[in-house]
Amino acid sequence: KDNGRWRLDISPFPEQGFKKLLGLLKNQSGILIYVYHAFPKTSFNYYLVKLTDFIRYFTTEIPYRILYILSYPIAVFSYLIFVVPYLIFSKIFKIEKIAQSNWPLKLYSGYPFKILINDTFDRFSPPLEHRYLKQEILDWYQKAELKNIKILGQGGWRIFGIKNKPIWKILL
């Protein structure tokens, strides 16, 4: 738990945590989770995540205060290398293919810079991070027999579903 929110992405057993959350829901209640999405091995982002995983091995040993300070130059570097070129190609030159692409960190082109700093700290501070393909998270919801499942994109998987057990299953 992190400031009142469950952190499935950094817990040792995320699917079991999801199941525990489901146990807290009343019938006809909804659940919305967010998890990081995995990238295919053919994607540049896949290797960027692997590099981050390698760096995390070292950054988890750094005190949080120092790691937060180090997050600033990492965020500046990331912004200059990934976000600025994305803005130039997609917004200034209006290259549609770039705007539609899976460009690394393009999400941050629409957010204040401090979000990238905070996310950089969040990326490097926990000792582990789980990422999921769309079908993996859908399987969680389908196995739990949730209804009205909605997948929302934008930087990961935000998935909503409603606990809708038939009355006879609740009574058993």
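For the structure itself, look to the data block above.
Because the structure is a prediction, the values reported are computed rather than measured.

What counts, and where the lines are drawn
- Residues numbered from 1 in each chain as written.
- Predicted model: local features only at pLDDT ≥ 70, side-chain atom pairs only at ≥ 80, totals over all residues.
- Heavy atoms only, no water.
- Helix = DSSP H or I, 4+ residues; strand = E, 2+ residues; numbered from the N terminus.
- Contact = heavy atoms within 4.5 Å.
- Pairing = 2+ DSSP bridges.
- Axes fitted to C-alpha atoms, helices over the stretch in contact; angles between N-to-C directions.
- Expected span 1.5 Å × (residues − 1).
- Polar contact = N/O pair within 3.5 Å; in protein donor to acceptor, adjacent residues only side chain to side chain.
- Phe/Tyr/Trp six-rings, centres within 6.5 Å; stacked < 30°, edge-to-face > 60°.
- Buried < 20%, exposed > 50% of the residue type's maximum accessible area, 1.4 Å probe, protein only.
- Lys NZ or Arg CZ within 6 Å of the ring centre and 35° of its normal.

So, the environment of N148
(1) Moving on: You can see N148 is positioned in strand β3 (residues 146-152).
(2) Moving on: Separated by 107 residues in sequence, N148 and K41 place their C-alpha atoms 31 Å apart.
(3) Moving on: Excluding its chain neighbours within four sequence positions, the residues that come into contact with N148 are F160, G161 and I162.

Here we look at the sheet that holds β3
(1) Moving on: The strand order across the open sheet built from four strands is β2-β1-β4-β3, with neighbouring strands paired in mixed fashion. Each edge of the open sheet carries a strand with a single partner, namely β2 (131-132) and β3.
(2) Moving on: Of the strand pairs in this sheet, strand β1 (residues 30-37) and strand β4 (residues 157-163) are connected by six bridges, and their pairing is antiparallel. If you follow G30 over to β4, its bridge partner there is I162.
(3) Moving on: Along the sheet face, helix α1 (residues 14-24) touches β1, β2, β3 and β4 and points at about 165 degrees away from the line of β1.

Brief notes about the pairing of β3
(1) Moving on: Two elements, β3 and β4, share five bridges in a ladder whose sense is antiparallel. Within the sheet, the bridge partner assigned to K150 lies in β4 and is F160.
(2) Moving on: The hairpin turn running from β3 into β4, its antiparallel successor, is four residues long, and Q154 in that turn takes a positive phi close to 80 degrees.

Points about helix α2 (residues 44-59)
(1) Moving on: Between the first and last C-alpha of α2 there are 22 Å, a value that for 16 residues agrees with the 22 Å anticipated at 1.5 Å per step.
(2) Moving on: Summarising the contacts, the buried residues of α2 are in contact with α3 (64-92), α5 (113-124) and β2.
(3) Moving on: The distance from a side-chain oxygen at the start of α2 to the backbone nitrogen of N45 is 3.0 Å, and the residue carrying that oxygen is S43.

Comments concerning the packing of aromatic side chains
(1) Moving on: Counting across every chain of the model gives 14 aromatic pairs.
(2) Moving on: Consider the rings of Y57 and F58, whose centres lie 5.2 Å apart with planes at 90 degrees: the pair is edge-to-face.
(3) Moving on: Given a relative accessible area of 46%, F58 falls into the partly exposed group.
(4) Moving on: Considering the side-chain rings of Y64 and F121, the 5.6 Å spacing of their centres and the 75 degrees angle between planes classify their relative orientation as edge-to-face. Note that Y64 is positioned in helix α3 and F121 in helix α5, a separation of 57 residues in sequence.
(5) Moving on: Residue classification places Y64 among the exposed residues on the basis of a relative accessible area of 55%.
(6) Moving on: Through a chain of ring-to-ring contacts, the aromatic side chains of F18, Y132, W140 and Y141 assemble into a single cluster.
(7) Moving on: The ring centre of Y36 lies 4.6 Å from the NZ or CZ of R123, which sits over that ring.

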